[in-house]
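Letter by letter, the chains look like this.
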Amino acid sequence: MSEKKQATWGGRFSEGPADQMVRFSESVSFDQRLAPYDIQGSMAHARMLASVGLVSEEEAAAICSGLERIGEEIRSGNFTWDPAFEDVHMNIEQALTKAVPEAAKLHTARSRNDQVATDMRLFFMDAGEQLASVLKGLMRALLNQAEAVREIAIPGYTHLQRAQPVSMAHHLLAYMEMFSRDLERVQEFDKRARVCPLGSGAIAGTTLPIDREFVARELGFVDEQGNPQVTRNSMDAVADRDLFIEFAGVCSLVATHLSRVAEDIILWSSQEFGFVRLPDAYTTGSSLMPQKKNPDSLELIRGKSARIMGQLTTLLTLVKGLPLTYNRDLQEDKPPVFDCLDMTLDCLLVLEGTIAGMAVNPEPCKKAVSDPLLLATDLVDYLVLKGVPFRDAHHIVGALVGLSEKSACSLNDIPLDEAQKICPQIEADWTECFSVKKALSLRERPGMPGPQQIGVELKRWKTVLNS
Ligand code: ARG
């Protein structure tokens with residue numbers, strides 16, 4: 001048994017927790033990263049206590065300057081974290097009270113339950129900002145590549161079978177859509193994070209005359225008009241972990257997108273496709289096979305995305321069976337969130353580096369896209385314009401494809417008279433359908449891969465990213 005009694009809650013206990021319990025119960029090893037938010041929250045709380053007369057201005061000032069000194073110690077790595085004090089909150093309060101006796105009043109009208117909820121909301125506001133800025137970095141790299149490959153056409157795939165030609169820019173801009181939706185989700189998440197739980201106490205608020213709006217304003221928990229926002233139910237405020245789950249959800253969706261991009265580029269960089277060359281700086285070699293250059297950055301992104309999604313499941317499972325309100329299970333809510341943020345930021349940055357350094361091989365792209373079968377659908381459209389009903393036209397072109405396969409003659413080399421035997425509406429100009437350039441230029445309506453549309457989109461994205 002540890003001799004040390006718990007100073008913060010030890011009043012009713014005759015002995016301290018077992019060493020094993022101390023180890024089992026501590027969270028300071030991971031929640032110490034909340035220190036800046038905890039200090040920020042405590043300062044706002046102290047100033048509020050002074051503003052309503054629960055502490056004197058001098059006491060609040062002493063508490064705040066003590067907190068500043070502790071913040072400095074933590075930043076410089078000179079603070080000693082003690083697992084006996086469980087978590088970041090109690091470690092800071094203990095150290096503060098030792099240095100500043102007035103700090104014995106700091107915990108007036110607050111509980112660790114509303115403190116931890118507040119710290120995490122401050123963390124989430126920061127995390128949202130970091131995610132948004134790193135997402136934009138990746139989007140810039142994608143946009144630069146899309147601009148560089150405007151003229152390059154490649155096959156687009158469905159079922160990983162060649163389908164129709166697109167420009168490589170169109171393919172890359174599809175990722176821009178995904179990541180911009182992620183950016184929107186981050187922004188919506190940030191709005192929901194900006195509500196202050198402090199003042200909820202452990203579960204039922206406090207009898208003391210606190211000013212919740214004061215704290216909310218101090219900490220930036222305000223709406224777009226600058227009005228302070230406070231949580232409306234003290235029980236929900238300390239029990240709710242929706243933001244944690246939402247955050248892991250946002251990260252999981254980012255990770256899903258990252259993983260899909262990674263998968264495409266892994267394929268493109270394989271010898272079978274050969275569309276792109278990856279930068280040496282983001283690939284690795286084999287310990288045995290001297291010729292290998294492996295797309296490890298992308299494979300790790302694909303792998304780490306699984307871990308991010310796992311954290312979402314952890315959080316959902318953690319919360320689903322809990323009775324209201326706070327239960328100690330909830331201490332396990334932080335590692336998954338921290339892991340989600342760290343992994344997602346890392347993956348975004350690594351993909352940005354990989355994409356920025358990726359070089360396109362025009363020849364293999366040209367060879368792949370010159371497969372005339374990619375334009376079979378355009379041939380159907382050609383017949384539709386000649387008045388052939390779509391279903392019939394589809395069937396006719398299917399027969400032509402069958403004939404080309406049987407006679408080992410590529411679709412565009414079938415003699416006109418042979419083609420006309422299958423469909424008399426086919427005329428000499430049918431071979432124009434097999435120009436990739438023409439095929440793309442005919443696709444100039446919104447959302448399509450025509451070169452002018454791509455131009456419009458590239459410009460639009462530039463404006464979006466610069467705003
Ligand atoms: N370290 C705890 C956590 O992260 C802080 C809240 C403790 N509250 C309590 N009632 N024991 O969840």
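Residues numbered from 1 in each chain as written. Predicted model: local features only at pLDDT ≥ 70, side-chain atom pairs only at ≥ 80, totals over all residues. Heavy atoms only, no water.

Quick look at unusual backbone geometry now. With an omega dihedral of 5°, the bond running from Leu324 to Thr325 counts as a cis peptide bond. Its location among the elements puts Thr325 in the loop between helix 11 (296-320) and helix 12 (334-356). One non-glycine residue, Leu160, lies in the positive phi region at around 60°. The topology assignment puts Leu160 in the loop between strand 1 (153-158) and strand 2 (161-167). At Ala408, a residue that is not glycine, the phi angle is positive and equals roughly 45°. Tracing the backbone through its elements, the reader meets Ala408 in the loop between helix 15 (390-406) and helix 16 (416-422). (Helix = DSSP H or I, 4+ residues; strand = E, 2+ residues; numbered from the N terminus.)

Our next topic: the packing of helix 6 (residues 112-148) against helix 18 (residues 451-466). Across the interface, helix 6 lies against helix 18 with an axial gap of 11 Å and an inter-helix angle of 155°. Between helix 6 and helix 18, the crossing angle belongs to the class labelled roughly antiparallel. In this structure, the crossing between helix 6 and helix 18 has a hand that is left-handed. Between helix 6 and helix 18, the residues in contact are Lys136, Met139, Arg140, Leu143, Ala146 and Glu147 and Leu458, Trp461, Lys462 and Leu465, respectively. When grouped by side-chain class, the residues that make up the contact of helix 6 with helix 18 number 6 nonpolar, no polar and 4 charged. (Axes fitted to C-alpha atoms, helices over the stretch in contact; angles between N-to-C directions. Parallel < 35°, antiparallel > 145°, perpendicular 65-115°, else oblique. Left-handed = near helix turned anticlockwise from the far one by under 90°. Contact = heavy atoms within 4.5 Å. Nonpolar A, V, L, I, M, F, W, Y, C, P; charged D, E, K, R; others polar.)

So, on to the site of the ligand. The ligand sits among Ser27, Asp87, Arg112, Asn113, Val116, Tyr326, Gln331 and Lys334. Taking Lys334, its side chain carries an N or O atom lying 2.7 Å from an oxygen atom of the ligand. Within the complex, the protein chains bury 85% of what would otherwise be the 340 Å² of accessible surface of the ligand. The greatest single-element share of the shell around the ligand, amounting to 3 residues, is contributed by helix 6. Across the shell around the ligand, the residue classes tally to 2 nonpolar, 3 polar and 3 charged. (Near = heavy atom within 4 Å. Polar contact = N/O pair within 3.5 Å; in protein donor to acceptor, adjacent residues only side chain to side chain. Areas by Shrake-Rupley, 256 points an atom, 1.4 Å probe, with all protein chains shown as cover.)

The subject of this paragraph is the pattern of salt bridges. Pairing is possible between side chains of opposite charge, provided their charged atoms come close. Under the criterion given, the structure shown has 26 salt bridges. We note a salt bridge from Lys386 to Asp429, for which the minimum N-O separation is 3.8 Å. Note that Lys386 is positioned in the loop between helix 14 (376-385) and helix 15 and Asp429 in the loop between helix 16 and helix 17 (436-441), a separation of 43 residues in sequence. Residue classification places Lys386 among the partly exposed positions, given a relative accessible area of 30%. (Salt bridge = Lys/Arg side-chain N within 4 Å of Asp/Glu carboxyl O. Buried < 20%, exposed > 50% of the residue type's maximum accessible area, 1.4 Å probe, protein only.)

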